[in-house]
Amino acid sequence: MGTGTGVISVVVIDDQQLSRQGMIELLAAEPGIEVVGDGVLGDAETLAMRLRPDIVLLDGEVGDGHVVAGVDGLARAAPAAKLVAVIEHDDPRFVGTLISAGAHAYVLRSATRDELLVTLRAVHRDSGHVVVSLSRAKWQGMNGTGERILSQREREVIMLVAAGMKNAEIAGRMFISEGTVKRHLTNVYNKLGVASRMAAVKKAAALGIVSFGDSAPSDG
């Protein structure tokens, strides 16, 4: 039900009542943010559809599989809401799966209050990027992991995909055949554990391999 007054409306989802209440109190004390509802993971879709918040802040400790399913369900039930997961660990595979499922941002549970608020405002302002909140050392570590996962040529291909290029255009840019581009993409999908161009770009972004451009990747 976005307020329409510049205030960011938030629904807080956390199966632990004390944790949920603490998050509500933290956000309630912040000007420009209004908690319009809260509940457990099983209520998330119903709350999001009924309250139509700007952001759903989702606890990520309820077992990885349940959280991913919750994010996916929320993304389908309330596509206008931005989904932010609060997670304990920043394992690249889990983060990539969350983003592929529809999360717009994630925040580590060890993040400071200011980091959380900056992330919420950033994701509310800009839907075209994946927003993360983690230390510079962690980010560099993730970037290194991503570089080790993909070969140099595979990174080049996925960066061009992120720029919105189709296979034929990538082949021309890299002076390789379109079949070779497809083979590189197949390797990227397998290594990142994804099944589509968009999912590959999102996961590569989470790993620090690419940055989102203004244009979305196509299926060409």
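Note: the structure precedes this text.
Residues numbered from 1 in each chain as written. Predicted model: local features only at pLDDT ≥ 70, side-chain atom pairs only at ≥ 80, totals over all residues. Heavy atoms only, no water.

A. Structural context of the pattern of salt bridges. One pass over the full model with this rule turns up eight salt bridges. Measuring nitrogen to oxygen at the nearest pair gives 3.5 Å for the salt bridge that ties Arg113 to Asp114. Note on Arg113: relative accessible area 38%, which makes it partly exposed. A cluster of three or more residues bridged by salt bridges with shared partners is formed by Glu30, Arg113, Asp114 and Arg121. (Salt bridge = Lys/Arg side-chain N within 4 Å of Asp/Glu carboxyl O. Buried < 20%, exposed > 50% of the residue type's maximum accessible area, 1.4 Å probe, protein only.)

B. Broad picture of the packing of helix H7 (residues 152–162) against helix H10 (residues 197–206). Where H7 contacts H10, the axes come no closer than 10 Å and their chain directions differ by 110°. With respect to H10, the axis of H7 lies roughly perpendicular. In contact with Ile158, Val161 and Ala162 of H7, H10 contributes Arg197, Ala200, Val201 and Ala204. Grouping the amino acids of the contact of H7 with H10 by side-chain chemistry returns six nonpolar, no polar and one charged. (Axes fitted to C-alpha atoms, helices over the stretch in contact; angles between N-to-C directions. Helix = DSSP H or I, 4+ residues; strand = E, 2+ residues; numbered from the N terminus. Parallel < 35°, antiparallel > 145°, perpendicular 65-115°, else oblique. Contact = heavy atoms within 4.5 Å. Nonpolar A, V, L, I, M, F, W, Y, C, P; charged D, E, K, R; others polar.)

C. Quick peek at the nonpolar core. Of all hydrophobic cores here, the largest spans 28 residues; its most connected members are Ile13, Val56, Leu58, Val71, Leu74, Ile87 and Leu98. Breaking this core down by element, the ones donating at least two residues are strand S1 (8–13), helix H2 (44–51), strand S3 (55–59), helix H3 (64–77), strand S4 (82–87), helix H4 (92–101) and strand S5 (105–108). With sequence-adjacent residues up to four places away left out, Ile87 is seen in contact with Gly60, Phe94, Val95, Leu98, Tyr106, Val107, Leu108 and Arg109. Listed in part, the 23 residues of the second largest apolar core include Val161, Ala162, Val188 and Ala204. (Core = buried A, V, L, I, M, F, W, Y, C linked by side-chain atoms within 4.5 Å.)

D. Expanded view of the environment of Ile13. Positionally, Ile13 belongs in strand S1. Taking C-alpha positions, Ile13 is 5.3 Å from Val40, a pair spaced 27 residues apart along the chain. Ignoring any residue separated from it by four or fewer positions in sequence, one finds Ile13 in contact with Gly39, Val40, Leu41, Ala44, Leu47, Val56, Leu57, Leu58 and Asp59.

E. Representation of the side chain of Asp54. Within the secondary structure, Asp54 is located in the loop between H2 and S3. Among the polar contacts made by the side chain of Asp54, one reaches the main-chain amide nitrogen of Ser9 at a distance of 2.9 Å. (Polar contact = N/O pair within 3.5 Å; in protein donor to acceptor, adjacent residues only side chain to side chain.)

F. Spotlight on H7. Listing the buried residues of H7 in full gives Glu154, Arg155, Val157, Ile158, Leu160, Val161 and Ala162. Directly beyond the C-terminal end of H7, a positive phi value near 95° is found at Gly164.

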